[in-house]
Amino acid sequence: MQKEFLPKETKENIWKVVFEYKAKREKTLAGLGLDPEKFRDEFRKMKEDAFRDMENLRRRAIANLEKNVIKVFEARDVAEAQKILRDLTSADKLVVKAKTSAADEIGVDDVLKEKLVSTDLGDFIMSLAGARDMHPVFPSYHLTPKQISEIIKNKFGSEVAPDAKSIAAFARKYLREKFFEASTGISGANVITADGRIVLLENEGNISLISRVPDKHIIISGWEKIVPTVEDAMKVVRAAAVWGAGQDWPVYVSVISGPSKTADVQNELVIGAQGAKEVYLILLDNGRSKMLKDGPSTTLGTGFEELLYCINCGACLNFCPAYHQLGTKYGDKYLGSKGIILSAFMTEILRAKESGCYSCTLCSACAENCPAKIDLPGMMKKIRTKLNAKNLETDENKKMIGNTREFGNPFGELSEDGTPKELFCC
Ligand code: SF4
């Protein structure tokens, strides 16, 4: 399969941000006095323990959320989630959205089309460009300020100075009206607690507005985000802040416990005060249950549970050599190794091959940088083993195996001076 590499300038823009992120993360860890290994071990243990009791946690979370007047819909797959979303938004003319991978997973753009406005700055820029986010935390980090100014000019005809401050000011002015025009706001969830709270973290303030200003707040999330307590949720916030953006804590952390309410008039409870009047949660499965067992529609085997410990911080992408070459072509609905492995469960195993399974170098940079110590390379090997067993590996791979059997090396017959006649890689 012909691979499409990112242009040199794009790679340089990405590396600049990644190097700055790395330095910031190290400084933050030192400033917090956090031993990263200890934190990662404890964080993983918290996730492992949660999964030992997940069915119970899930039942409790749903019951408590409903008790808190948050209507919960369980969606088995994308089609069900889309139908729920379509029904909930059928009367809406304008919907504002936070940057949320779960919403992208179900194809929120396809459902809401032109009535949807992205409000995270990077996500907003990429929506203007008509392109996919390049990263779950830094969606437009591959673009220079000049390129972003041009995108704005092409879309709105507005001249915006090519600097970060002017671009942010333009977005603030443009988006502010949208928050107040919209009848519905959509966000993901960083964590859901078994006692019925939804935790959202952010720096920009757009999620706070989405969850407070429109009448309706729809949250879309996979069930794997459930943890037992708010204390556990705060560990996720810490991990997401440090490993996601290299900062000690996000600017805003919202703990949503239901629609806004008041009892200020003679103690009579009224739902719908200044914040959202209605809060909905679409709790997504979409292949997640299959990851816990060798389900009937896959034969992928066990040992994939830990992928569900992921908090989508994007740290694994930051140091991934394959992603640095291929960008959004490396992955599927989620980028990188995580996205490739997930694709096998969300669709079928062949999708993992198409989305870059054999481009992975198995270097382990992802696992070393993951706050939950998720063994992405180990899972990638398992997927490859399954593909190989079905004779679905790449032609290059087959050739290397054949050469190794015949000549004792992957490159085949050596020339007289001992150099290989053909050099290639899987
Ligand atoms: S796999 Fe780990 S590093 Fe990658 S996004 Fe998930 S939690 Fe972050």
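Model, not experiment: these values are computed from the prediction.

Chemist: Just give me the short version of the sheet that holds strand 4 (residues 184-187), but keep the residues and values in it.
Modeler: Spatially, 1-12-7-4-2-3 is the arrangement adopted by the six strands of the open sheet, whose pairing is parallel. Across the chains shown, the open sheet's two edge strands, defined by having one partner strand only, are strand 1 (70-75) and strand 3 (116-118). Adjacent strand axes in the sheet meet at a mean angle of 20 degrees when their direction is disregarded. Bridging between strand 1 and strand 12 (residues 278-284) involves six bridges; their strand directions are parallel. Each bridged residue has a counterpart across the sheet, and for Lys71 the counterpart in strand 12 is Tyr280.

Chemist: So, the pattern of salt bridges: which residues are in play, and what are the values?
Modeler: The final tally for this structure, using the stated rule, is 27 salt bridges. The partner of Arg58 in a salt bridge is Glu55, and the shortest N-O contact between them spans 3.8 Å. Note that Arg58 and Glu55 are positioned in helix 3 (residues 54-67) at a spacing of three residues, about one turn of the helix. Taking the relative accessible area as the measure of exposure, Arg58 reaches 14% and is therefore buried. Between Arg351 and Asp332 there is a salt bridge; the shortest N-O distance is 2.6 Å. Here Arg351, found in helix 16 (residues 349-354), pairs with Asp332, found in the loop between helix 14 (321-326) and helix 15 (336-346); they are 19 residues apart in sequence, far enough to count as distant.

Chemist: So what about the domain arrangement of the chain? Which residues, and what values?
Modeler: Taken domain by domain, the chain consists of domain 1 (34-286) and domain 2 (289-407). For domain 1 versus domain 2, the distance between C-alpha centres works out to 27 Å. Counting from both sides, the interface comprises 32 residues of domain 1 and, opposite them, 30 residues of domain 2. Taken together, both faces of the contact between domain 1 and domain 2 bury some 2,700 Å²; the carbon and sulfur share is 53%. Of all residues in domain 1, the largest losses of buried area upon contact with domain 2 belong to Arg40, Arg44 and Arg132, amounting jointly to 24% of the total for that side. For the interface between domain 1 and domain 2, the tally reads four salt bridges. Here Asp41 makes a salt bridge to Lys373, at a shortest N to O gap of 2.8 Å. At the junction of domain 1 and domain 2, the tally comes to 19 residue pairs in polar contact (both at pLDDT 80 or more). Contributing elements (two or more residues each) for the side of domain 1 that touches domain 2: helix 2 (36-52), helix 5 (101-105) and helix 11 (230-245). The greatest single-element share of the side of domain 1 that touches domain 2, amounting to nine residues, is contributed by helix 2.

Chemist: Go over the packing of helix 7 (residues 121-129) against helix 8 (residues 145-156) with me, naming the residues and quoting the values.
Modeler: How two helices pack is summed up by the angle between their axes together with the distance between the axes. It is at 9 Å that the axes of helix 7 and helix 8 come closest, and there the two elements cross at 55 degrees. In terms of orientation, helix 7 lies oblique with respect to helix 8. Judged by the twist between their axes, the crossing of helix 7 over helix 8 is left-handed. Of the residues in helix 8, those touching helix 7 at Phe124, Ile125, Leu128 and Ala129 are Ile148, Ile151, Ile152, Lys155 and Phe156. A class-by-class count of the residues in the contact of helix 7 with helix 8 yields eight nonpolar, no polar and one charged.

The rules behind these values
Residues numbered from 1 in each chain as written. Predicted model: local features only at pLDDT ≥ 70, side-chain atom pairs only at ≥ 80, totals over all residues. Heavy atoms only, no water. Pairing = 2+ DSSP bridges. Helix = DSSP H or I, 4+ residues; strand = E, 2+ residues; numbered from the N terminus. Axes fitted to C-alpha atoms, helices over the stretch in contact; angles between N-to-C directions. Salt bridge = Lys/Arg side-chain N within 4 Å of Asp/Glu carboxyl O. Buried < 20%, exposed > 50% of the residue type's maximum accessible area, 1.4 Å probe, protein only. Domains from an automatic or database assignment. Contact = heavy atoms within 4.5 Å. Buried area = accessible area lost by both parts, 1.4 Å probe. Polar contact = N/O pair within 3.5 Å; in protein donor to acceptor, adjacent residues only side chain to side chain. Parallel < 35°, antiparallel > 145°, perpendicular 65-115°, else oblique. Left-handed = near helix turned anticlockwise from the far one by under 90°. Nonpolar A, V, L, I, M, F, W, Y, C, P; charged D, E, K, R; others polar.

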